[in-house]
Amino acid sequence: MSILMSRPAIRNHAVSPLCALDSPKPGPRPGPHVPARPKPAPPATVLGYSPFPLDSDARHFGLTTSSMRLRGGTVTVRHGRRSASTTATILLHGAAGSWTTWTPLLQAADATARDLTDLIIPDLPGWGDSPLPADRSTLGLESMAELVADLARSLGYERWNVVGHSMGGFIALALAASETRATASVGLVSATSFSIQDSVRHPVRRFFALPAFSALFQTMRMLQLAGPLGRDLVRAVTRFGLLRFLVAPLFRYGQAVDASVVAALGAEMRPAGFVLAATRAGAYDASASWAQISCPVRSVHGDRDVFVTAQDDRKLRSVVPQCVISTIASAGHFGQIERPLEVLLRLEFAAPLPIVSTSSQLGTS
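Residues numbered from 1 in each chain as written. Predicted model: local features only at pLDDT ≥ 70, side-chain atom pairs only at ≥ 80, totals over all residues. Heavy atoms only, no water.

Visitor: Explanation requested: the pairing of strand β9 (residues 297–302) in the structure shown.
Guide: Regular strands place side chains that alternate from one sheet face to the opposite one. For β9, the tally of buried residues reaches six of six residues, placing the bulk of the element in the interior. Judged by which residues are buried, β9 turns out to be covered on both faces: Val297, Ser299 and His301 on one side and Arg298, Val300 and Gly302 on the other are all buried. The sheet contact formed by strand β8 (residues 183–189) and β9 spans four bridges and is parallel. When the sheet's bridge partners are listed, leucine 188 is paired in β9 with serine 299. As paired strands, β9 and strand β10 (residues 323–328) are joined by six bridges and run parallel to one another. Looking at the pairing, glycine 302 lines up with isoleucine 328 of β10. (Buried < 20%, exposed > 50% of the residue type's maximum accessible area, 1.4 Å probe, protein only. Helix = DSSP H or I, 4+ residues; strand = E, 2+ residues; numbered from the N terminus. Pairing = 2+ DSSP bridges.)

Visitor: Sorry if this is basic, but what is going on with the packing of aromatic side chains here?
Guide: Any two aromatic rings considered together are summarised by their centre-to-centre distance and by the angle between their planes. Going through the model one piece at a time under the given rule, you end up with seven aromatic pairs. The interplanar angle of 85 degrees and the centroid separation of 6.4 Å between the aromatic rings of phenylalanine 61 and tryptophan 99 together place this pair among those described as edge-to-face. Taken together, the residues phenylalanine 61 in the loop between α1 (43–46) and β2 (63–70) and tryptophan 99 in the loop between β4 (87–92) and α2 (103–111) connect sequence positions 38 residues apart. On the basis of relative accessible area, phenylalanine 61 is assigned to the buried category, the value being 1%. Between phenylalanine 194 and tryptophan 290, the aromatic rings sit 5.5 Å apart at their centres with planes inclined by 70 degrees, giving edge-to-face as the arrangement. One end of the pair, phenylalanine 194, is in helix α5 (residues 194–201); the other, tryptophan 290, is in helix α11 (residues 286–290), with 96 residues separating them in the sequence. Side by side, phenylalanine 194 and tryptophan 290 carry an identical accessibility label, which is buried. Ring pairing ties together the aromatic residues Phe170, Phe194, Tyr284 and Trp290, which thus form one cluster. Sitting over the face of the ring of tyrosine 157, arginine 82 holds its NZ or CZ atom 3.9 Å from the ring centroid. (Phe/Tyr/Trp six-rings, centres within 6.5 Å; stacked < 30°, edge-to-face > 60°. Lys NZ or Arg CZ within 6 Å of the ring centre and 35° of its normal.)

Here's what the structure looks like:
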């Protein structure tokens, strides 16, 4: 999955004409009043644990923000760094996330002079700045994959490398299965798969197969049933500083992740969207679908990932024989936040470089 280009001089990236049903509404173009991009960290610190905060300003990364109305719903997307290539790099976030969960990975690439080009980073329907469509039938796995393909083509791309985190990994695999010719490669970061499906289909019998997810799923179902009271409870947990404790199992070092990460999880804790996404995943025939994938697949996850099991790795490799799976030490479910440079290297965004580590960095292996 080599999508790395030599880093050119800083430039403004032109946006191609869009073929969406509505004309997009580009965000502010980089200009003299755009906040400066945060100063890159020196390479020695990039491999430290959770080295970057989330950054919600797309302009820091040379990206434009557009709102596009597609057949599957209205989607807000950050896109840019256009080159002459007709192959895009699509980054798909997970449930309880948005495009900002990829910004530590972009910062790690910038800090080490890796230029990731032709980026498409959407907020999937119901998350971030993209509204949940009134027609929930558009939120099936096949429909979501179709929406992502429609988005890329609307932005003028014929093919794509797609990288997905958690639920986004599930969608990335569905996209590769349905668009075999257009999908050049798949990258997975802690992709949820077979164990999640079992937990959704058999919530009691399979509770202890993946207890962290099972507990989260049942909590989200109760919050969904509580309606406004559930939303008030989420806000109260955030206000009293309890959220970091509750989300700690998702990370190797929950107390060390930047406050912006915890705040984003709180903002994106949307019970209805989470339950719907999990339920649709449970109804999907993953084995039959993913057996159609013909492109290279690279999968990484943390050695302390509470949502991915060794059995998931074995079954994914049996269904997609060309899948190469590796584990990142001292990371949980958010490798692109916890160990962003290592994710870049493992997914072959870049040629491997000597790993520089410092014993003073928390969690450095």
